[in-house]
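Working through the structure, step by step
The lines below spell out each chain.
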Amino acid sequence: MKQIVEYHISRLQDKNPEVRLKAIKELVLLNDVAALSALEEVFKNDSNEDVRKVAQQAGREIFLANRAKES
């Protein structure tokens, strides 16, 4: 699982915004907190507004889903 998460995190650097969006969606499905810092970087620094918005939402979903697991 860790390798899959790392693969999608690496895709967040792709030049094509569609590839970055797909990677973010895959990271949400994997629901691994290891993706949170990478998603935060995309949210803060990506050149595409849609990618930034999706990264923010994805980070929120992963964070909340994992916080609920801990309770």
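Here the structure is shown first, and the text comes after it.
A brief structural summary. Within each chain, residues carry numbers counting from 1 in the order of the written sequence. With the structure being a predicted model, the display of local features is reserved for residues of pLDDT at least 70 and the display and counting of side-chain atom pairs for 80 or more, all residues being used for whole-chain, interface and lining totals. Calculated side-chain values reflect all of the structure's heavy atoms, with hydrogen atoms and water omitted.

1. Points about the overall build of the protein
Per the convention used, a helix needs a DSSP run of H or I reaching at least four residues, while a strand needs a run of E reaching at least two, with both numbered from the N terminus. If you tally the helices and strands in the protein, you get four helices and zero strands. In sequence order, the secondary structure elements of the protein are arranged as α-α-α-α. Computation of the radius of gyration draws on C-alpha atoms, with the globule rule given as 2.2 Å multiplied by the number of residues to the power 0.38. Taken over the C-alpha trace, the protein has a radius of gyration of 11 Å; the compact-globule value for 71 residues is 11 Å, and the two agree within 12%. A principal-axis box enclosing the C-alpha atoms of the protein has dimensions of 40 × 25 × 15 Å. The cut-offs for exposure are 20% and 50% of the maximum accessible area for each residue type, with area from a 1.4 Å probe on protein chains only; residues under the lower value are buried, those over the upper are exposed, and the others partly exposed. Counting all 71 residues of the protein, 32% fall into the buried class.

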